[in-house]
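Residue-level structural notes
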Amino acid sequence: MSSRPRRGTGARRCVRSSPRAAGGLAGTGLPPVPLGWDLSGTVEAVGIGVTLFRPGDEVFGMPRHPAPAGTYAEYATSPARHLAHKPAALDHVAAAALPLAGLTAWQALVDTADVRPGQRVLVHAAAGGVGHLAVQIAKARGAYVIGTASAAKHGFVRSLGADEAVDYRTTDFAEAVSDVDVVLDTVGGAYGPRSLCTLRPGGLVVSLASPAEAALADGARRLGLRAVFMAVEADRAGMQALADLVERGELRPHVAEVLPLAQAAEAHALSQSGRTTGKIVLTTAAHTPGNG
(Lines give C-alpha, C1' and ligand atoms only; values in the text may rest on other atoms or scores of the structure.)
Protein backbone atom coordinates (compact mmCIF):
# COMPACT_ATOMS: atom_id res chain seq x y z
CA MET A 1 0.00 0.00 0.00
CA SER A 2 1.89 3.02 -1.23
CA SER A 3 -0.41 5.96 -0.50
CA ARG A 4 0.67 8.44 2.17
CA PRO A 5 -1.49 9.12 5.25
CA ARG A 6 -4.03 11.78 4.47
CA ARG A 7 -6.78 13.72 6.19
CA GLY A 8 -10.00 11.79 6.64
CA THR A 9 -11.80 9.37 8.91
CA GLY A 10 -9.33 6.86 10.32
CA ALA A 11 -6.47 7.91 8.05
CA ARG A 12 -5.53 10.87 10.23
CA ARG A 13 -4.19 8.52 12.89
CA CYS A 14 -2.27 6.30 10.48
CA VAL A 15 1.43 5.88 9.93
CA ARG A 16 3.10 4.91 6.67
CA SER A 17 5.94 2.45 7.07
CA SER A 18 8.35 0.66 4.78
CA PRO A 19 8.28 -2.97 5.90
CA ARG A 20 11.66 -4.68 5.97
CA ALA A 21 9.97 -8.03 6.59
CA ALA A 22 6.52 -9.59 6.79
CA GLY A 23 5.44 -12.73 8.63
CA GLY A 24 2.13 -14.24 9.72
CA LEU A 25 1.36 -15.77 6.35
CA ALA A 26 -2.25 -15.00 5.48
CA GLY A 27 -4.56 -17.67 4.13
CA THR A 28 -4.99 -17.74 0.40
CA GLY A 29 -8.72 -16.94 0.53
CA LEU A 30 -10.41 -15.67 -2.62
CA PRO A 31 -8.58 -13.22 -4.90
CA PRO A 32 -8.03 -10.35 -5.00
CA VAL A 33 -7.29 -10.23 -1.25
CA PRO A 34 -4.23 -8.16 -0.19
CA LEU A 35 -2.05 -10.63 1.69
CA GLY A 36 -0.11 -10.21 4.90
CA TRP A 37 -0.78 -8.89 8.41
CA ASP A 38 2.53 -8.95 10.25
CA LEU A 39 5.13 -6.32 9.54
CA SER A 40 8.33 -4.89 10.91
CA GLY A 41 9.81 -1.79 9.36
CA THR A 42 10.62 1.91 9.56
CA VAL A 43 8.10 4.74 9.80
CA GLU A 44 8.18 6.86 6.65
CA ALA A 45 5.44 9.37 7.56
CA VAL A 46 2.76 9.91 10.17
CA GLY A 47 -0.78 11.21 9.88
CA ILE A 48 -2.24 14.31 11.48
CA GLY A 49 -2.38 14.02 15.26
CA VAL A 50 -0.11 10.97 15.61
CA THR A 51 2.11 11.38 18.67
CA LEU A 52 3.29 7.83 19.31
CA PHE A 53 5.73 7.64 16.40
CA ARG A 54 7.88 9.82 14.21
CA PRO A 55 9.59 9.18 10.87
CA GLY A 56 12.58 6.92 11.31
CA ASP A 57 11.13 4.93 14.22
CA GLU A 58 11.42 1.17 13.93
CA VAL A 59 8.03 -0.45 14.52
CA PHE A 60 6.30 -3.81 14.32
CA GLY A 61 2.69 -4.86 14.50
CA MET A 62 -0.39 -6.53 13.02
CA PRO A 63 -2.47 -3.82 11.34
CA ARG A 64 -6.24 -4.01 10.95
CA HIS A 65 -6.67 -7.73 11.59
CA PRO A 66 -8.99 -9.38 10.60
CA ALA A 67 -9.48 -6.84 7.79
CA PRO A 68 -6.85 -7.02 5.01
CA ALA A 69 -3.64 -5.13 5.77
CA GLY A 70 -1.56 -5.85 2.67
CA THR A 71 1.80 -6.07 4.42
CA TYR A 72 3.30 -8.09 1.56
CA ALA A 73 4.48 -4.81 0.09
CA GLU A 74 7.27 -2.26 0.01
CA TYR A 75 5.00 0.22 1.83
CA ALA A 76 2.00 -0.24 4.10
CA THR A 77 -0.20 2.01 6.21
CA SER A 78 -1.46 1.18 9.67
CA PRO A 79 -3.50 2.76 12.46
CA ALA A 80 -0.88 4.08 14.86
CA ARG A 81 -2.27 2.10 17.78
CA HIS A 82 -1.91 -1.18 15.92
CA LEU A 83 1.88 -0.80 16.11
CA ALA A 84 4.56 -0.75 18.80
CA HIS A 85 8.23 0.13 18.84
CA LYS A 86 10.32 -2.80 17.68
CA PRO A 87 12.33 -4.40 20.49
CA ALA A 88 16.00 -3.52 20.10
CA ALA A 89 16.86 -7.16 20.81
CA LEU A 90 15.23 -8.29 17.54
CA ASP A 91 16.14 -7.53 13.95
CA HIS A 92 13.32 -6.87 11.50
CA VAL A 93 13.14 -10.49 10.36
CA ALA A 94 12.63 -11.85 13.88
CA ALA A 95 10.27 -8.99 14.78
CA ALA A 96 8.08 -9.70 11.74
CA ALA A 97 7.64 -13.27 12.97
CA LEU A 98 6.13 -12.14 16.26
CA PRO A 99 2.94 -10.01 16.03
CA LEU A 100 0.14 -12.28 14.80
CA ALA A 101 1.37 -15.52 16.37
CA GLY A 102 2.59 -13.77 19.50
CA LEU A 103 -0.62 -11.82 20.04
CA THR A 104 -2.64 -14.98 19.47
CA ALA A 105 -0.70 -16.82 22.17
CA TRP A 106 -0.76 -13.83 24.53
CA GLN A 107 -4.48 -13.17 24.18
CA ALA A 108 -5.28 -16.87 24.59
CA LEU A 109 -3.09 -17.55 27.61
CA VAL A 110 -3.10 -14.19 29.38
CA ASP A 111 -6.24 -12.26 28.42
CA THR A 112 -8.52 -15.29 28.06
CA ALA A 113 -7.11 -17.99 30.35
CA ASP A 114 -5.28 -15.77 32.87
CA VAL A 115 -2.53 -18.37 33.30
CA ARG A 116 -0.97 -18.11 36.75
CA PRO A 117 2.17 -19.51 38.42
CA GLY A 118 2.01 -23.21 39.18
CA GLN A 119 -0.78 -24.00 36.74
CA ARG A 120 -0.41 -26.82 34.24
CA VAL A 121 -0.72 -25.77 30.60
CA LEU A 122 -0.97 -28.09 27.59
CA VAL A 123 0.04 -26.55 24.24
CA HIS A 124 -0.82 -28.48 21.09
CA ALA A 125 1.53 -28.17 18.10
CA ALA A 126 4.10 -26.72 20.48
CA ALA A 127 6.75 -26.39 17.76
CA GLY A 128 4.49 -24.41 15.42
CA GLY A 129 4.18 -20.69 14.81
CA VAL A 130 1.75 -19.97 17.65
CA GLY A 131 2.72 -22.98 19.76
CA HIS A 132 6.41 -22.20 20.18
CA LEU A 133 5.59 -18.69 21.39
CA ALA A 134 2.80 -19.99 23.64
CA VAL A 135 5.25 -22.32 25.40
CA GLN A 136 7.53 -19.39 26.19
CA ILE A 137 4.71 -17.11 27.32
CA ALA A 138 3.26 -19.78 29.61
CA LYS A 139 6.71 -20.37 31.14
CA ALA A 140 7.15 -16.63 31.63
CA ARG A 141 3.87 -16.71 33.57
CA GLY A 142 5.28 -19.40 35.85
CA ALA A 143 3.30 -22.35 34.46
CA TYR A 144 4.27 -26.00 34.13
CA VAL A 145 4.13 -26.55 30.36
CA ILE A 146 3.43 -29.72 28.38
CA GLY A 147 3.71 -29.60 24.60
CA THR A 148 2.60 -31.99 21.88
CA ALA A 149 4.95 -32.36 18.93
CA SER A 150 6.55 -35.04 16.80
CA ALA A 151 9.50 -36.80 18.45
CA ALA A 152 11.95 -35.09 16.11
CA LYS A 153 10.90 -31.71 17.52
CA HIS A 154 11.02 -32.60 21.22
CA GLY A 155 14.49 -31.12 21.63
CA PHE A 156 13.29 -27.83 20.18
CA VAL A 157 10.17 -27.80 22.36
CA ARG A 158 12.21 -28.45 25.50
CA SER A 159 14.68 -25.72 24.50
CA LEU A 160 11.74 -23.29 24.66
CA GLY A 161 11.22 -24.23 28.31
CA ALA A 162 8.60 -26.98 28.07
CA ASP A 163 8.67 -29.32 31.07
CA GLU A 164 7.27 -32.27 29.11
CA ALA A 165 6.95 -33.14 25.43
CA VAL A 166 4.43 -35.70 24.14
CA ASP A 167 4.79 -37.40 20.74
CA TYR A 168 1.30 -37.11 19.28
CA ARG A 169 2.14 -39.72 16.65
CA THR A 170 2.84 -42.56 19.10
CA THR A 171 1.12 -41.44 22.30
CA ASP A 172 -2.51 -40.65 23.08
CA PHE A 173 -2.15 -37.35 24.89
CA ALA A 174 -5.65 -37.75 26.31
CA GLU A 175 -4.36 -40.72 28.31
CA ALA A 176 -0.81 -39.51 28.95
CA VAL A 177 -1.66 -36.03 30.24
CA SER A 178 -3.89 -35.15 33.19
CA ASP A 179 -4.73 -32.48 35.79
CA VAL A 180 -4.28 -29.66 33.28
CA ASP A 181 -5.65 -26.19 34.02
CA VAL A 182 -5.47 -24.74 30.49
CA VAL A 183 -5.23 -26.31 27.04
CA LEU A 184 -4.30 -24.22 24.00
CA ASP A 185 -5.72 -26.02 20.96
CA THR A 186 -4.12 -24.76 17.76
CA VAL A 187 -5.07 -27.88 15.76
CA GLY A 188 -8.85 -28.32 15.92
CA GLY A 189 -10.86 -31.36 14.86
CA ALA A 190 -10.78 -34.10 17.48
CA TYR A 191 -8.10 -32.33 19.51
CA GLY A 192 -10.63 -30.12 21.29
CA PRO A 193 -12.97 -32.86 22.58
CA ARG A 194 -10.04 -35.14 23.45
CA SER A 195 -8.35 -32.32 25.34
CA LEU A 196 -11.30 -32.19 27.73
CA CYS A 197 -10.06 -35.52 29.10
CA THR A 198 -6.82 -33.89 30.24
CA LEU A 199 -8.45 -31.14 32.31
CA ARG A 200 -8.95 -30.96 36.03
CA PRO A 201 -12.38 -29.75 37.29
CA GLY A 202 -13.00 -26.19 36.13
CA GLY A 203 -10.25 -26.40 33.52
CA LEU A 204 -10.34 -24.50 30.24
CA VAL A 205 -9.73 -25.31 26.57
CA VAL A 206 -8.97 -22.26 24.42
CA SER A 207 -9.55 -23.20 20.78
CA LEU A 208 -8.03 -21.24 17.92
CA ALA A 209 -9.30 -23.64 15.30
CA SER A 210 -12.91 -22.89 14.42
CA PRO A 211 -15.81 -20.83 15.77
CA ALA A 212 -18.09 -23.62 14.52
CA GLU A 213 -17.02 -25.84 17.41
CA ALA A 214 -19.96 -24.81 19.62
CA ALA A 215 -20.45 -28.49 20.47
CA LEU A 216 -17.10 -28.41 22.26
CA ALA A 217 -18.32 -25.70 24.64
CA ASP A 218 -21.56 -27.60 25.28
CA GLY A 219 -19.68 -30.81 25.99
CA ALA A 220 -17.33 -29.00 28.35
CA ARG A 221 -20.18 -27.50 30.36
CA ARG A 222 -21.74 -30.92 30.88
CA LEU A 223 -18.45 -32.08 32.40
CA GLY A 224 -17.99 -29.06 34.65
CA LEU A 225 -15.29 -27.70 32.33
CA ARG A 226 -14.96 -24.69 30.05
CA ALA A 227 -14.16 -24.30 26.35
CA VAL A 228 -14.03 -21.10 24.31
CA PHE A 229 -13.10 -20.10 20.78
CA MET A 230 -10.76 -17.12 20.50
CA ALA A 231 -9.84 -14.93 17.52
CA VAL A 232 -6.85 -12.62 17.71
CA GLU A 233 -7.32 -8.83 17.58
CA ALA A 234 -4.97 -5.93 16.91
CA ASP A 235 -3.72 -4.88 20.33
CA ARG A 236 -1.05 -2.28 21.11
CA ALA A 237 -0.94 -3.19 24.81
CA GLY A 238 -0.40 -6.82 23.88
CA MET A 239 2.34 -5.85 21.43
CA GLN A 240 4.10 -3.89 24.17
CA ALA A 241 3.79 -6.85 26.54
CA LEU A 242 5.43 -9.09 23.93
CA ALA A 243 8.19 -6.52 23.41
CA ASP A 244 8.80 -6.43 27.17
CA LEU A 245 9.14 -10.24 27.29
CA VAL A 246 11.63 -10.06 24.43
CA GLU A 247 13.70 -7.40 26.17
CA ARG A 248 13.74 -9.49 29.37
CA GLY A 249 15.01 -12.50 27.41
CA GLU A 250 11.84 -14.53 28.04
CA LEU A 251 10.53 -14.64 24.47
CA ARG A 252 12.24 -15.25 21.16
CA PRO A 253 10.52 -16.07 17.86
CA HIS A 254 12.10 -18.88 15.90
CA VAL A 255 12.39 -18.19 12.17
CA ALA A 256 12.48 -21.40 10.16
CA GLU A 257 12.81 -19.86 6.71
CA VAL A 258 13.46 -16.42 5.20
CA LEU A 259 12.39 -15.82 1.61
CA PRO A 260 12.18 -12.74 -0.62
CA LEU A 261 8.76 -11.22 -1.19
CA ALA A 262 8.81 -12.49 -4.79
CA GLN A 263 8.67 -16.05 -3.40
CA ALA A 264 5.48 -15.53 -1.38
CA ALA A 265 3.78 -18.45 -3.14
CA GLU A 266 6.60 -20.78 -2.11
CA ALA A 267 6.37 -19.47 1.45
CA HIS A 268 2.66 -20.29 1.56
CA ALA A 269 3.31 -23.78 0.25
CA LEU A 270 5.87 -24.36 3.01
CA SER A 271 3.49 -23.00 5.63
CA GLN A 272 0.63 -25.22 4.49
CA SER A 273 2.83 -28.32 4.54
CA GLY A 274 2.43 -28.49 8.32
CA ARG A 275 6.10 -29.39 8.76
CA THR A 276 7.47 -25.96 9.62
CA THR A 277 9.11 -25.31 12.97
CA GLY A 278 8.42 -21.74 14.08
CA LYS A 279 7.68 -19.06 11.49
CA ILE A 280 8.35 -18.24 7.82
CA VAL A 281 9.26 -14.63 7.04
CA LEU A 282 9.27 -12.69 3.76
CA THR A 283 11.74 -9.85 3.24
CA THR A 284 11.27 -6.85 0.98
CA ALA A 285 13.86 -5.10 -1.15
CA ALA A 286 14.29 -2.57 1.69
CA HIS A 287 15.81 -5.31 3.84
CA THR A 288 19.43 -6.18 3.20
CA PRO A 289 21.77 -8.32 5.33
CA GLY A 290 23.42 -6.33 8.06
CA ASN A 291 20.86 -3.55 8.40
CA GLY A 292 18.25 -5.52 10.44
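For the structure itself, consult the block above.
Read on for an overview of the structure. Since we're looking at a predicted model, the values are computed, not measured.

To continue, consider the layout of surface pockets. If a probe as big as a water molecule is rolled over the atoms, it shows which places are left empty. The computed volume of the largest pocket comes to approximately 1200 Å³. Mapped by element, the contributors of at least two residues to the lining of the largest pocket are α2 (99-112), α3 (129-140), β7 (144-149) and β13 (279-283). The residue makeup of the lining of the largest pocket, split by class, is 20 nonpolar, 13 polar and 4 charged.

It is worth spelling out the packing of α2 against α3 at this point. The contact between α2 and α3 brings their axes to 8 Å, and the two run at 50°. Between α2 and α3, the interaxial angle falls into the category oblique. Judged by the sense of rotation from one axis to the other, the crossing of α2 with α3 is right-handed. Listed contacts from α3 to Ala101, Gly102, Thr104, Ala105, Trp106, Leu109 and Val110 of α2 are Gly129, Val130, Leu133, Ala134, Ile137 and Ala138. Here the residues of the contact of α2 with α3 are counted per class, giving 10 nonpolar, 3 polar and no charged.

Between His65 and Pro66 the backbone carries a cis peptide bond, its omega angle lying at 15°. Its location among the elements puts Pro66 in the loop between β3 (58-61) and β4 (76-79). The residue Arg64 is not glycine, and still its phi comes out positive at about 65°. Tracing the backbone shows Arg64 in the loop between β3 and β4. When its relative accessible area of 22% is taken as the criterion, Arg64 is described as partly exposed.

Our next topic: the sheet that holds strand β9 (residues 180-185). What the 6 strands build is an open sheet, ordered β8-β7-β6-β9-β10-β11; its pairing is parallel. The open sheet terminates on both sides in strands that have one partner only, identified here as β8 (164-167) and β11 (226-229). Strand-to-strand twist of the sheet, defined as the mean angle between neighbouring strand axes without regard to direction, takes the value 15°. Sheet topology note: the strand β6 (residues 120-123)/β7 ladder contains 4 bridges and is parallel. Paired with Arg120 across the two strands is Tyr144, which belongs to β7. Its contacts with the sheet put α3 on β6, β7 and β9, and the angle it makes with β6 is roughly 170°.

Looking now at the side chain of Thr277. Inspection of the secondary structure assignment puts Thr277 in the loop between α9 (264-272) and β13. Those residues in contact with Thr277 that lie beyond four places of it in its chain are Ala127, Lys153, Phe156, His254 and Ala256.

One finds Leu98, Leu109, Val121, Ile137, Leu184, Val206 and Leu251 to be the most contacted residues of the largest nonpolar core, which totals 51 residues. Broken down by element, the residue count for this core peaks at 8 residues, all from α2. Beyond its immediate chain neighbours, meaning those up to four positions away, Val121 contacts Leu109, Val115, Ala138, Ala143, Tyr144, Val145, Ile146, Val180 and Val182. Counting 16 residues, the second-largest nonpolar core is a separate cluster that includes Val183, Leu196, Ala220 and Leu225.

In total, this model carries 9 salt bridges according to the counting rule given. Here Asp114 makes a salt bridge to Arg141, at a shortest N to O gap of 3.5 Å. Of the two residues, Asp114 sits in the loop between α2 and β6 while Arg141 sits in the loop between α3 and β7, which places them 27 residues apart along the sequence. The partly exposed category is assigned to Asp114, whose relative accessible area is 37%. Salt-bridge contacts for Arg248 lead to Glu250; the nearest nitrogen and oxygen are separated by 3.0 Å. With relative accessibility at 56%, the residue Arg248 sits in the exposed group. Exposure remark for Glu250: the relative accessible area of 31% places this residue in the partly exposed category. When salt bridges with common partners are traced through the structure, they connect Asp114, Arg116 and Arg141 into a single cluster.

Scoring rules and cut-offs
- Residues numbered from 1 in each chain as written.
- Predicted model: local features only at pLDDT ≥ 70, side-chain atom pairs only at ≥ 80, totals over all residues.
- Heavy atoms only, no water.
- 1 Å grid on protein atoms, 1.4 Å probe; cavity = no way out; pocket = protein on both sides within 12 Å on 5 of 7 lines; lining within 4 Å.
- Points joined across faces, edges and corners; volume = space filled by probe spheres on them.
- Helix = DSSP H or I, 4+ residues; strand = E, 2+ residues; numbered from the N terminus.
- Nonpolar A, V, L, I, M, F, W, Y, C, P; charged D, E, K, R; others polar.
- Axes fitted to C-alpha atoms, helices over the stretch in contact; angles between N-to-C directions.
- Parallel < 35°, antiparallel > 145°, perpendicular 65-115°, else oblique.
- Left-handed = near helix turned anticlockwise from the far one by under 90°.
- Contact = heavy atoms within 4.5 Å.
- Buried < 20%, exposed > 50% of the residue type's maximum accessible area, 1.4 Å probe, protein only.
- Pairing = 2+ DSSP bridges.
- Core = buried A, V, L, I, M, F, W, Y, C linked by side-chain atoms within 4.5 Å.
- Salt bridge = Lys/Arg side-chain N within 4 Å of Asp/Glu carboxyl O.

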